[in-house]
Amino acid sequence: MIDKIILNNLIKLEVEIEMILKTKKFTIDGNVNLIYEMINDIKDSLDKEDNNILANINKVSELYSNSINNISFINQINIAKQISLLYLLAIKKYNIDSSLSSKLESTTYILNYKNYLYLLIRNLLEQGIIVTNKYKLLISSEDVKIEDIINIISDIEFVNKDIKKLELSK
């Protein structure tokens, strides 16, 4: 008898989940906590030698891209800034050069949000957090190219060497 009750409850739950998925009635910010947890895990792994760092950032960026319609505008901006920061730190730390730009360009996040990386770099420069000799690349081009961004990131020097504590203002 108890098994039948549990089975009926599970069937009702399954139908409800299926209806929600088919009608796309998700709660706003449904994946935000998961995305922020993944971002924090990646930030923690930046301290270690992690060969999968780029793949992990790509996973969180794909989750973000797939969930963007269900995330509030304020959280979209904050998450995009954090993912951009992760890409910047990974490119800088692991010396990802322009030969890997095709790998980066194939990610949905980079295709759609490379301007966030550009704006992040400009913001960090204006705040005096970073310096670069390739500043002219930031202002000379109307179209932001991923190769230019990688070249700039490769040349960046952090004014404060403790980049682990680098957080973006909300």
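Residues numbered from 1 in each chain as written. Predicted model: local features only at pLDDT ≥ 70, side-chain atom pairs only at ≥ 80, totals over all residues. Heavy atoms only, no water.

Let us now look at empty space enclosed by the protein. Take a probe with the size of a water molecule and roll it over the atoms, and the empty space left behind shows itself. Summed over all chains, the structure comprises 1 cavity of 30 Å³ or more. Roughly 50 Å³ of internal volume is contained in the largest cavity. At the level of elements, α7 (135–140) and α8 (146–155) are the ones that each hand at least two residues to the lining of the largest cavity. A per-element tally of the lining of the largest cavity places α8 first, with 3 residues. Partitioning the lining of the largest cavity into residue classes produces 6 nonpolar, 1 polar and 3 charged. (1 Å grid on protein atoms, 1.4 Å probe; cavity = no way out; pocket = protein on both sides within 12 Å on 5 of 7 lines; lining within 4 Å. Points joined across faces, edges and corners; volume = space filled by probe spheres on them. Helix = DSSP H or I, 4+ residues; strand = E, 2+ residues; numbered from the N terminus. Nonpolar A, V, L, I, M, F, W, Y, C, P; charged D, E, K, R; others polar.)

Before going further, it helps to examine the packing of helix α2 (residues 32–45) against helix α4 (residues 73–93). At a minimum axis separation of 11 Å, α2 and α4 run at an interaxial angle of 20°. Comparing their axes, α4 and α2 come out roughly parallel. Note that α2 runs across α4; the crossing there is left-handed. Contacts from V32, I35, Y36, I39, I42 and K43 of α2 reach α4 at N75, N78, I79, Q82, I83 and L86. (Axes fitted to C-alpha atoms, helices over the stretch in contact; angles between N-to-C directions. Parallel < 35°, antiparallel > 145°, perpendicular 65-115°, else oblique. Left-handed = near helix turned anticlockwise from the far one by under 90°. Contact = heavy atoms within 4.5 Å.)

The next subject is α4. Taking 1.5 Å per residue as the helical rise, α4 with its 21 residues ought to reach 30 Å, and the 30 Å between its terminal C-alpha atoms agrees with that figure. When you tally the buried positions in α4, you get 15 out of 21 residues, the bulk of the element. Two residues or fewer after α4 comes N95, characterised by a positive phi angle close to 50°. (Expected span 1.5 Å × (residues − 1). Buried < 20%, exposed > 50% of the residue type's maximum accessible area, 1.4 Å probe, protein only.)

The next point concerns the confidence of the model for the protein. It should be kept in mind that the predicted coordinates are not to be read in detail where pLDDT is low. Of the residues in the protein, 77% reach a pLDDT of 70 or more, and the chain-wide mean stands at 78. Mean pLDDT values over the elements of the protein span from 64, in helix α5 (residues 101–105), up to 90, in α2. (pLDDT = per-residue confidence, 0-100.)

Counting residues in each nonpolar core, the largest one holds 41 residues, and the members touching the most others are Y64, I83, L88 and I121. Mapped onto this core, the elements with two or more residues apiece are α2, α3 (53–67), α4, α6 (108–126) and α8. (Core = buried A, V, L, I, M, F, W, Y, C linked by side-chain atoms within 4.5 Å.)

A cluster of nonpolar side chains, namely I6, L10, L13 and I17, defines an oily patch on the protein surface of about 370 Å² accessible area. Its place among the elements puts I17 in helix α1 (residues 2–23). (Patch = residues over 30% accessible without salt bridge, like charges linked within 9 Å, V, L, I, M, F, W, Y side chains within 5 Å. Areas by Shrake-Rupley, 256 points an atom, 1.4 Å probe, with all protein chains shown as cover. Salt bridge = Lys/Arg side-chain N within 4 Å of Asp/Glu carboxyl O.)

Our next topic: the packing of α3 against α4. Where α3 meets α4, the axes come as close as 10 Å, and the angle between the chain directions of the two elements is 165°. Considered as vectors, α3 and α4 are oriented roughly antiparallel to each other. Seen from above, α3 lies across α4 with left-handed handedness. Touching I53, L54, I57, N58, V60, S61 and Y64 of α3 are Q76, I79, A80, I83, L86, Y87 and A90, all from α4. Across the contact of α3 with α4, the residue classes break down as 11 nonpolar, 3 polar and no charged.

Here we come to the side chain of Q76. Tracing the chain through its elements places Q76 in helix α4. One polar contact links the side chain of Q76 to the main-chain carbonyl oxygen of I68, over a distance of 3.1 Å. With near-sequence residues (within four places) excluded, Q76 lies in contact with Y64, I68 and I71. (Polar contact = N/O pair within 3.5 Å; in protein donor to acceptor, adjacent residues only side chain to side chain.)

To continue, consider a negative patch on the surface. Side chains of E37, D41, D44 and D47 sit close together on the surface and give a patch of like negative charge. Note that D41 resides in helix α2. Assessed through its relative accessible area of 52%, D41 is described here as exposed. (Lys, Arg positive; Asp, Glu negative; His and termini not counted. Charge placed at Lys NZ, Arg CZ, Asp CG, Glu CD.)

Locating D50 in the fold gives a position in the loop between α2 and α3. Taking the relative accessible area as the measure of exposure, D50 reaches 17% and is therefore buried. Taking the C-alpha atoms as reference points, D50 and A90, 40 residues apart in sequence, are found 9.9 Å from one another. Contact partners of D50, with chain neighbours within four places excluded, come to S45, N56 and Y94.

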